[in-house]
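Coordinates in review
So the chains spell out like this:
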Amino acid sequence: MPKDQDISIDLNLPAIKNFMRVNKLNGNGWKTVPVSPILRPFFTFSETDLLPIFWKSELLKRKMNELAGHVYAALGDYQEWYKDQAPGTLITQLITDVGCSRKPDKNSGGYRRNSRTMTLFEMKDHINHIRGVQFDPRDYKGRGYIVQSTIRTDGFRLQLLSWKMNELLAVRYKRFPENKVPLRIASPLGGTGDYLTEIRNVVKSQNDVEQIWGCAPDDITILGLDLGQTFTVAAYVLPPRDAADKTVNKRKVLQTHQVEEVDPPVEEHGVEEERQPAKEKHTTLTVKQKAVLQATFKYRRWLQGQRDSTPSGTESIASIERSLPALRGPDASVANYEHRLQQVGDNLEKFYNKSSNIIKRHQWDSQKAYRAEYAIITDKLLKMIGGSAGKPRDESNKSIIAVGLGQFASKNRLSSLHSSFTSFFVRKVQ
Amino acid sequence: MLKMNRWKPPKIKAEDPSEDKNPSKKVPETSSTKKPKKLALVTSTDKPTIIKTMSVEHPTASLDIGTLFTNAKRASAATAREVTRVMEDVVRITASTKKRCQLLLGKYIELVTASPQLLADDKTLLDLMCPRILKSDLESSNDNDQAVVDETEESSDQQKFYSSLLTYLHSNNLPQNKNALKFVSRLETLGLVEKKDRGALSSLANYPGTSLFRVAGGQLARELESHYKNGAVKIHQKVKGSSPFFIDSVSVADGKDPNRDIISNWIAHKEEGERQGA
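Counting restarts for each chain: residues are numbered from 1 in the order of the written sequence. Here every chain gets a letter starting at A, and every ligand a number starting at 1, in the order they are written. Given that this is a predicted model, residues contribute local features only at a pLDDT of at least 70 and side-chain atom pairs are listed and counted only at 80 or more, while totals for whole chains, interfaces and linings are drawn from all residues.

1. Here we look at the overall build of chain B
Let me state the cut-off plainly: Strands are runs of DSSP state E lasting at least two residues, helices are runs of H or I lasting at least four, and both sets are numbered from the N terminus onward. Partly exposed residues are those falling between the two cut-offs: more than 12 but fewer than 20 other C-beta atoms within 10 Å of their own, whereas 20 or more means buried and 12 or fewer means exposed, with C-beta atoms placed from the backbone. What counts as a contact here is a pair of residues whose C-beta atoms, placed from the backbone, lie within 7 Å.
The number of helices and strands found in chain B is 11 helices and 1 strand. The order of helices and strands in chain B, counted from the N terminus, is α-α-β-α-α-α-α-α-α-α-α-α. Per-residue burial for chain B yields a buried fraction of 31% across its 278 residues. Here the contacts in chain B between residues at least 6 apart in sequence split such that 58% fall between residues at least 24 apart.

Rendered as structure tokens:
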């Protein structure tokens, strides 16, 4: 490539032309065109889309008319009737019972108990209540989920979109006067995304602490978290001063220990609690990335095994995939790729999208295990400060969780888990 | 590789107006930026309006509720099998059509961008496929990921174009959308799709394409925009900035020879890094 290669972007040319040019300079590092994987991804459908689709099936059409309590012959009339129904009516009657109030399931917690549908009139009142002059966000007590009229599915699993009632976007986007809004740091009303703020911008003096939490700074337990790549989380608890020694010097000692103890050996499960029986009690916890990823590794090994296997005389999926021409790099050619895909597409399709959904089942299992790992870590972290997942915090037990916000780039082959864990943890804890 | 975290001074907000040196200047500024926006009350119970306003007030959560069949069975045992069959069918059709569409677009892009000059027609079509890069996109550095995606139900021209194109690929009927029709005739000229007789009887596909591909079209439009538009900006910044593949006046200073070709420079850069690492 000559030195004086023009790398500028010409704003008078289409974005695609610019992309193709700069991509070439970058060694064709990006694909010419994004191509979906053969394993079917999730697609979104709203009820407006589902009505005409379900109408094509005689059985579903009958069921839909049953739902309306009237036999509509034409789809247009049915859609006219449906226009005034609560969002999610069709979904909660035909596709899932989540959000359907006719069968309250007392044994199951979480979304199953906490979601419901809401009629259009209720929604209108709800919105007008929030937007009214009298409304004070500090008194807002909304909970649970309201079913939207949209689902996502990959043909095997199902996801239901819903509105989260315990958060107000008006608080997040500051549509209320500042004196009416509860403080972000002490209330989840403004949203529980992974966006965190630096504490020094909120708390500047001892008085601030007393105002926000209603207690002296010394009575607060602080859990410090350090996130990283090899060790996804390293945590240390700074207990309230009553529990520790009352001198200032002692606290300094504790802080230096925090730095030293970040790296203790980790037992096989990856979660370890180390307590020193001495006078100074330190509670630390470290979690290794390798431990958290075991479930994912197991799935990858299994999938690799499946791809490598060669049932009597046929070519293995791995070698078929290797034979597909590149979509990126100097030899990238979509035309060649498509040509080869036409020859082998059926085999790949059969392997990835078997009717038994075996790959999706394994993938799902590994995702569940991965989430469970996160849940265990969260629970252990909360136990360190005297709480537990799913249990409301004791009023007397004041605690702050401090999360290291340092950003870093990771160049390892395994993606670092720190950011995904942060978002999981922050959502769960708030 | 760790990037050093740089200390930033805390943001200081003047709590007490008397501390402000220029209160007269400050006041209009805060009132224009911080003035809480009061949203209007809703008067109608029109479904799309209500749904849209609810999304303005509450965030959306995606509940992972298990498998399609189990859920359908819980809802109604009599129709569970049928619902699952239909949904599986719909996902299969959408997935395969989208993939065909992606490959078709890829082939077209490959063909027309190979030559240095673009025809005026192709230029219009490429602009339809992905909006142009704006000056503001280049100026805002790495924050492109943070751009808020407008998830409203209103369909943009792009979405209509892609939905129409997907419908055409699925049903093999010529698209109604003018832009999509233009694109299809161009593809026919290039020999990328079979030429279709304009007067031929239209075939009826099993499911209506507008329902199948309304959201998928929007999804495809967003994917392609982030790939081409944001991708071009990202690569541009990478090539221009830190990459050792690109030689500019700054990298010459760290011992790279501008007279050598890029690969040798890159190898030299790598060896340098290894020496330092050791």
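2. Observations regarding the interface of chain A and chain B
The condition that has to hold: Only Asp, Glu, Lys and Arg are considered charged in this grouping, and only Ala, Val, Leu, Ile, Met, Phe, Trp, Tyr, Cys and Pro are considered nonpolar; every other residue, Gly among them, is considered polar. We treat two strands as partners when DSSP finds at least two bridges between them.
Each partner contributes to the interface: chain A provides 95 residues, whereas chain B provides 91 residues. Along the lines of polarity and charge, the residues of the side of chain A that touches chain B split into 50 nonpolar, 24 polar and 21 charged. In this structure, strand S4 (residues 157–164) of chain A lies alongside strand S1 (residues 60–67) of chain B, joined through 6 bridges in antiparallel fashion. Within S1(B), the residue paired with Ser162(A) across the bridge is Ala61(B).

3. Looking at the pairing of strand S5 (residues 221–227) of chain A
Across 6 bridges, S5(A) lies against strand S6 (residues 231–238) of chain A in antiparallel orientation. Its bridge partner lying in S6(A), Leu225(A) is registered against Ala235(A).

4. Some details on the nonpolar core
Quick note on the threshold: The nonpolar core criterion groups buried Ala, Val, Leu, Ile, Met, Phe, Trp, Tyr and Cys residues into a set whenever they are joined through C-beta atoms within 7 Å.
In terms of nonpolar packing, the biggest core is built from 90 residues, with Ile16(A), Ile95(A), Leu160(A), Leu165(B) and Ala232(B) touching the most fellow members. The element best represented in this core is helix H4 (residues 80–114) of chain B, accounting for 14 residues. Among residues more than four places away in sequence, those in contact with Ile95(A) are Ile151(A), Leu158(A), Asn71(B), Ala72(B), Ala75(B) and Val83(B). Residues Phe231(A), Ile377(A), Leu382(A) and Met384(A) belong to the second largest nonpolar core, which totals 18 residues.

5. Digging into the confidence of the model for chain A
Residues and elements named next belong to chain A. Keep this limit in mind: Here pLDDT means the predictor's own confidence in every residue, given as a number from 0 to 100.
The predicted model of chain A averages 75 in pLDDT, with 71% of residues at 70 or higher. For chain A, the element scoring lowest by mean pLDDT is helix H11 (residues 248–260), at 32; strand S1 (residues 43–46) scores highest, at 92. Per-residue pLDDT stays below 50 along residues 244–278; that stretch engages in 41 contacts with residues further than four places along the chain or on separate chains. Across residues 410–414 the pLDDT falls below 50, and counting only partners more than four positions away or on other chains, this stretch makes 6 contacts in the model.

6. Here's the deal with the pairing of strand S3 (residues 145–153) of chain A
On any regular strand, side chains alternate: one points to one face of the sheet, the next to the other face. All names here are of chain A. Here is the rule we go by: With the strands pointing away from the viewer, any crossover whose connection runs clockwise from the first strand over the helix to the second is right-handed.
Most of S3 sits inside the fold, with 8 of its 9 residues counted as buried. The pairing of S1 with S3 spans 4 bridges and is antiparallel. Among the inter-strand pairings, Phe 45 is bridged to a residue of S3, identified as Ile 151. Here strand S2 (residues 115–116) runs beside S3; their pairing, made up of 2 bridges, is parallel. Across the sheet, residue Ser 115 finds its bridge partner in S3, namely Tyr 145. At this point the chain moves from S2, through helix H7 (residues 120–131), to the parallel S3, and the crossover so formed is right-handed. In terms of strand pairing, S3 meets S4 through 6 bridges, oriented antiparallel. From the neighbouring strand, Tyr 145 faces S4, where its bridge partner is Lys 164.

7. Here's the deal with H7(A)
This is how it is decided: Each helix should span, by expectation, one fewer than its residue count multiplied by 1.5 Å. Note that the arc is computed from the directions linking the helix axis to the C-beta atoms.
With 12 residues, H7(A) extends 16 Å from end C-alpha to end C-alpha; this agrees with the ideal 16 Å at 1.5 Å per step. Within the span of H7(A), buried status applies to Leu120(A), Met123(A), Lys124(A), His126(A) and Ile130(A). Along H7(A), the residues classed as buried sweep out an arc of 165° about the axis, all on the same side. Where H7(A) is buried, its residues contact helix H8 (169–172) of chain A together with helix H2 (47–57) of chain B.

8. Points about the confidence of the model for chain B
All names here are of chain B. Per-residue pLDDT for chain B has a mean of 73; in total, 64% of the residues score no lower than 70. The model gives residues 142–153 a pLDDT under 50, and that stretch makes 6 contacts with residues more than four places away or in other chains. Note that residues 246–258 has pLDDT below 50 and, in this model, 16 contacts with residues that lie over four places away or in other chains. If you check the scores for this complex, the pTM reads 0.75 and the ipTM reads 0.76.

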